[in-house]
Amino acid sequence: MASKLLLSQLRNITRPTHHRLINPNFIFPLKNQTLIHSRPYSDAPQPPPVGSKPPPTNADSAPTHKKISSSLNQAELAKFSAIAETWWDAEGPFKPLHVMNPTRLAFIRSTLCRHFGKDPYSAKPFEGLKFVDVGCGGGILSEPLARMGATVTGIDAVEKNINIAQLHADLDPGTSSIEYLCTTAEKLVEEQRKFDAVLALEVIEHVAEPAEFCKSLSALTVSGGANVISTINRSMRAYATAIVVAEYLLHWLPKGTHEWSSFLTPEELVLILQRASISVQEMAGFVYNPLTGKWSLSDDISVNFIAYGTKNTE
Amino acid sequence: MNRAIVRRITPNIRTWRSTLKTFCSDTSEKLHGSDGDKAVTVKSSSLDSTDNVPQYDVAIVGGGMVGMALACSLASMPLTKHLNVAIIDSNPALLARDNIKKEDAPDPRVSTVTPATISFFKGMGAWQYVQLHRHAFFDRMQVWDYTGLGYTRYSARDVDKAVLGCVVENKVLQRSLLSCMEDSDVKKKIYPSRLNSMTLHKSSLLSGTDSISSEPSGSLAKLNLSDGDCLYAKLVVGADGSKSHVRKLAGISTTGWKYPQNAIICTVEHTEDNRCAWQRFLRTGPIALLPMGDNYSNIVWTMGPQQAADRRSMNEADFLKAVNDALDDGHGPHPQSERIGDGGILAWLRSDETSSASEHFEVPPRITKLASDRMVFPLSLMHANNYVSKRVVLIGDAAHTVHPLAGQGVNLGFGDANSLSRVIAEGVAVGSDIGEMALLKRYESERKAANIAMMAILDGFQKAYSIDFGPLNVLRAAAFHGVNYISPLKKNIISYASGEQRLPLFT
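Residues numbered from 1 in each chain as written. Chains lettered and ligands numbered in written order. Predicted model: local features only at pLDDT ≥ 70, side-chain atom pairs only at ≥ 80, totals over all residues. Heavy atoms only, no water.

Draft legend 1. How the structure looks around the overall build of chain A. When helices and strands are counted, chain A shows 10 helices and 8 strands. Looking at chain A as a whole, 53% of its 314 residues are labelled buried. Sequence separation of at least 24 residues holds for 69% of the intrachain contacts in chain A that already meet a minimum separation of 6. Total accessible area on chain A is roughly 13,600 Å²; 58% of this is exposed by carbon and sulfur atoms. (Helix = DSSP H or I, 4+ residues; strand = E, 2+ residues; numbered from the N terminus. Buried < 20%, exposed > 50% of the residue type's maximum accessible area, 1.4 Å probe, protein only. Contact = heavy atoms within 4.5 Å. Areas by Shrake-Rupley, 256 points an atom, 1.4 Å probe, with all protein chains shown as cover.)

Here it is in structure tokens:
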């Protein structure tokens, strides 16, 4: 598969790149935020620059971190809290997610059936497996996974999302068994919960400390389990498409949903996963065809991409 | 978990179900086990609790050929065969267990199935049941009109196939699909009653109120039947024909017009063997003779309503004479046969023509006996403006009806059933709710384009042949010649009419 070729290219990278954006106001005048973002990828704790985004879901990951003001933390959560009721409105602000959902699920079904050795033609291939959907939002991903037979736990830091998700899941007896919790990945790690597959789709670009986040995801996975992470690439094309076109021109997403500096390139994602003992096996991209209005899987990872990795066996 | 207990109890429950009737608001104690995963509930008293009402994944309203084809197709695919299917049809033939005997007189209600439909049936494993009964393949077709100016002959050899189609009685198709489903282990139930009304529980998640009761049926459609039963379903399929009740209940409007024509249908007998489909366009409408095997053929004769009533009531001898006139040289002369081998200066133009282009004009076999009653049906064109609505989808004649002049009507319906079952399988594969609009819209976008294209072409033919005007007659004759001799056009027409191509494009 061509994505495997891409992966081997990624593995040839010898040293991590350290990205730091200086004065985003002048380069990207469309941005609303006036703060400087820095995304250190090394593991050594660094004193946070002025007004940087503190880790929202990793608040108590390392007690040696200084207590930071949580102004932007609330901003990210407040962004999603404000539109929480519209999660299940297929024509509302979450429409792109709804339209993209079957394509993401096709990738997840294909890779996880292969990983767990299940029959791909079975209607419920994930019967007996425990999945956790980190950053589940309204449950757009959790419900189809539950219908495919998995025992799903959905977690999200925004309480409103969990309420909406629980209400919607109760409408269908096939999904009413999903366990929704308003918590963070770190708290689950402290409770020593383990899952066969950990999924975090479109979450990592809203997290301030992606390296710590990936370590938590890894701690939640059983040895030899699977991880699926999807996000948006930090490329010029992604800026043009996912931010300018989607937020400002087509109004698919509310302005300010994404910040370009928070995006990760595939190389960076592979590296931080590697450091969290997860080896990325496959990667694919999503492309949107404006003529048919459909998303499809492809080898083009320059905008949206999804990665499937396995936890190294200890 | 109660699952192990439920699995042991539910087979017993099923044998009891035929003697029990479940009512919506029943206060007596009763046992109930609907789909395999619902826990058995014994209720001593019930308010209108939703636990007493059976829940199905798909409720197919209308157990005709297209509805049964959908059910059979769902039963034959590994991704969908676990779905619970309810079929609602008051026709007693569905529950009757007597077989169709070979000595039965052929039913006048027949359909011509295209090769695409035949492969759909073979894929489901239902064609083997059709082959046990009377069916007739044909590999030739002749089309001409009353002006005697031209004719066209089609042959399956033109597109390197063995057959152009197969003529099968409708009841044979329906019974074969039913037998195929019964032999598979799909969970289905036939409700022998009619649909009275249907309600859709709205998801009030967006209204912001707290009055949502988290009942399990919150997002299902509830169907009330005429004998008092009711049931819940995730998806309601309207396969109940051109006067679809489901379409009315869902509030889907239609576009269309009545044709000023009725069709007489009957079965006739003749002395020679017939493996060709004949169609002659007369002033009032086309007459078609379709082979049914065993020296029987089916007549579909379209004409004005008054003439149809006359022809239906006239005695047998007069009717047979009228039919023979219509097929032979009444109403107009025979076209002249093409002279074979007459190359001349244009021989180089005709080098790659199909083999059927050089065939002689043939006269259809002489009809000797009427073998069934004559039935009359009014004809119209109808197309539903939407095929889908919340939790409701239309297939077959409920979504579209066409003129029978090209034998395409039920084949469009089978195409709908094929497409819908594939879309449902894709939905199950990614764990989506099978009644959600995004999934159903995919079915609609696939089928609407194909159906509208076919309907437009058939309507065009009907209008072109309903006018008797000198220059237009010559134009039509030129069109006959054109189709006969321009082989890419002819091959395209044959593959489009056989269902191999979805849209009439040159690809």
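Draft legend 2. Region of the structure containing the overall build of chain B. Summing up its helical and strand segments, chain B has 12 helices and 20 strands in all. Burial status across chain B gives 53% buried among its 507 residues. Counting contacts in chain B only where the partners sit at least 6 residues apart, residues at least 24 apart contribute 76% of the total. Accessible area for chain B stands at about 22,300 Å²; split by element, carbon and sulfur atoms hold 55% of it.

Draft legend 3. Just the sheet that holds strand β3 (residues 110-113) of chain B, in detail. All names here are of chain B. Spatial ordering of the open sheet is given by β3-β7-β4, a layout of 3 strands whose pairing is antiparallel. Where the open sheet ends on each side, the last strands, each with one partner, are β3 and β4 (135-138). Along the sheet, successive strands turn relative to each other by an average axial angle of 20 degrees, direction set aside. Two elements, β4 and strand β7 (residues 165-169), share 4 bridges in a ladder whose sense is antiparallel. Bridge assignment links Phe-138 to a residue of β7, and that residue is Gly-165. Against the sheet, helix α3 (residues 115-124) contacts β3, β4 and β7, and its axis sits at roughly 95 degrees relative to β3. Of the strands in this sheet, β3 and β7 touch helix α5 (residues 170-183), which is tilted by about 85 degrees from β7. (Pairing = 2+ DSSP bridges. Axes fitted to C-alpha atoms, helices over the stretch in contact; angles between N-to-C directions.)

Draft legend 4. Representation of the sheet that holds strand β5 (residues 221-232) of chain A in the model. Residues and elements named next belong to chain A. In spatial order, the strands read β3-β2-β1-β4-β5-β8-β6-β7; together these 8 strands make up an open sheet with mixed pairing. Looking at the sheet topology across the chains shown, the edges are occupied by β3 (179-181) and β7 (294-298). Going across the sheet, the axis of each strand differs from the next one's by a mean of 20 degrees, ignoring polarity. Across the sheet, helix α4 (residues 95-116) touches β1 (130-134), β4 (195-201), β5, β6 (278-289), β7 and β8 (304-311), and the angle it forms with β8 is around 25 degrees. In this fold helix α10 (residues 266-275) packs onto β5, β6 and β8, with an angle of close to 150 degrees to the strand it touches most, β6.

Draft legend 5. Focus on the packing of aromatic side chains. Residue and element names in this part refer to chain B. Considering all chains together, one arrives at 19 aromatic pairs over all chains under this definition. Considering the side-chain rings of Phe-121 and Phe-414, the 5.2 Å spacing of their centres and the 90 degrees angle between planes classify their relative orientation as edge-to-face. Of this pair, Phe-121 sits in helix α3 while Phe-414 is found in helix α9 (residues 409-429), placing the two residues 293 residues apart along the sequence. On the basis of an interplanar angle of 75 degrees and a centroid distance of 5.5 Å, the ring pair of Tyr-151 and Phe-361 is categorised as edge-to-face. Of this pair, Tyr-151 sits in strand β6 (residues 151-155) while Phe-361 sits in the loop between α8 (316-327) and β16 (367-370), and the two are 210 residues apart along the sequence. Chaining the aromatic ring pairs together yields one cluster made of Phe-120, Phe-121, Trp-127, Phe-137 and Phe-414. Across from the ring centre of Tyr-191, 5.0 Å away, lies the NZ or CZ of Lys-189, which sits over that ring. A cation over an aromatic ring shows up here: Lys-490 above the ring of Tyr-154, its NZ or CZ 5.9 Å from the ring centre. (Phe/Tyr/Trp six-rings, centres within 6.5 Å; stacked < 30°, edge-to-face > 60°. Lys NZ or Arg CZ within 6 Å of the ring centre and 35° of its normal.)

Draft legend 6. Layout of the UniProt feature "binding site: Mg(2+)" (unreviewed entry) in chain A. All names here are of chain A. With numbering aligned to this structure, UniProt lists the feature "binding site: Mg(2+)" (unreviewed entry) at Glu-202, Glu-205 and His-206. By the element assignment, Glu-205 lies in the loop between β4 and α8 (210-220). Judged by relative accessible area, Glu-205 falls into the buried class, the value being 2%. Mapped onto the fold, His-206 is located in the loop between β4 and α8. Under the relative-accessibility criterion, His-206 is labelled buried at 12%. (UniProt positions renumbered as here; feature names shortened; annotations may be inferred.)

Draft legend 7. Inspection of the UniProt feature "domain: FAD-binding" (unreviewed entry) in chain B at higher detail. Annotation from UniProt places "domain: FAD-binding" (unreviewed entry) at residues 374-454 of chain B. Measuring from the first to the last C-alpha atom of residues 374-454 of chain B gives 28 Å, for a span that is 48% helix and 21% strand.

Draft legend 8. Layout of the environment of Gly241(B). Residues and elements named next belong to chain B. With respect to the helices and strands, the residue Gly-241 is situated in the loop between β11 (230-238) and α6 (245-249). Judged by its relative accessible area of 21%, Gly-241 is partly exposed. Separated by 61 residues in sequence, Gly-241 and Cys-180 have C-alpha atoms that sit 22 Å apart. With residues near it in sequence (within four places) discarded, Gly-241 still touches Arg-247, Asp-397 and Ala-398.

Draft legend 9. Local environment of empty space enclosed by the protein. Applying the stated criterion across every chain yields a total of 2 cavities of 30 Å³ or more. In this structure, the second largest cavity encloses a volume near 60 Å³. (1 Å grid on protein atoms, 1.4 Å probe; cavity = no way out; pocket = protein on both sides within 12 Å on 5 of 7 lines; lining within 4 Å. Points joined across faces, edges and corners; volume = space filled by probe spheres on them.)

Draft legend 10. Geometry of unusual backbone geometry. For Glu202(A), which is not a glycine, the phi torsion comes out positive at approximately 55 degrees. Along the chain, the position of Glu202(A) falls in the loop between β4 and α8. For Glu202(A), a relative accessible area of 14% puts it in the buried group. The phi angle at Asp160(B) is positive, at roughly 60 degrees, despite the residue not being glycine.

Draft legend 11. Structural view of the UniProt feature "binding site: S-adenosyl-L-methionine" (unreviewed entry) in chain A. Residues and elements named next belong to chain A. On the UniProt side, "binding site: S-adenosyl-L-methionine" (unreviewed entry) is annotated at positions that read Arg-104, Gly-135, Asp-156 and Leu-201 here. Looking at the element boundaries, Asp-156 is found in the loop between β2 (151-155) and α6 (159-169). In this structure Asp-156 comes out as buried when scored by relative accessible area, which is 9%. If we skip the residues at most four places from it in the chain, Asp-156 touches Gly-135, Cys-136, Gly-137, Asn-161, Ile-162, Leu-181, Cys-182 and Thr-183. Engagement of the side chain of Asp-156 in a polar contact is seen with the backbone nitrogen of Val-158, the distance being 2.9 Å. With respect to the helices, strands and loops of the structure, Leu-201 is situated in strand β4. (Polar contact = N/O pair within 3.5 Å; in protein donor to acceptor, adjacent residues only side chain to side chain.)

Draft legend 12. Spotlight on the pattern of salt bridges. A complete count under the given rule lists 22 salt bridges over all chains for this structure. Here Glu359(B) and Arg153(B) are joined by a salt bridge, their closest N and O atoms 2.5 Å apart. Here Glu359(B), found in the loop between α8 and β16, pairs with Arg153(B), found in strand β6; they are 206 residues apart in sequence, far enough to count as distant. Here Glu359(B) falls in the buried class, since its relative accessible area comes to 17%. For Arg153(B), a relative accessible area of 1% gives the class buried. We note a salt bridge from Asp459(B) to Lys463(B), for which the minimum N-O separation is 3.2 Å. Placement of both Asp459(B) and Lys463(B) in helix α10 (residues 437-464) is noted, with a separation of 4 residues, approximately one turn of the helix. According to the relative accessible area criterion, Asp459(B) is buried, its value standing at 10%. Residues joined in a network through salt bridges with shared partners are Glu143(A), Arg147(A) and Asp172(A). (Salt bridge = Lys/Arg side-chain N within 4 Å of Asp/Glu carboxyl O.)

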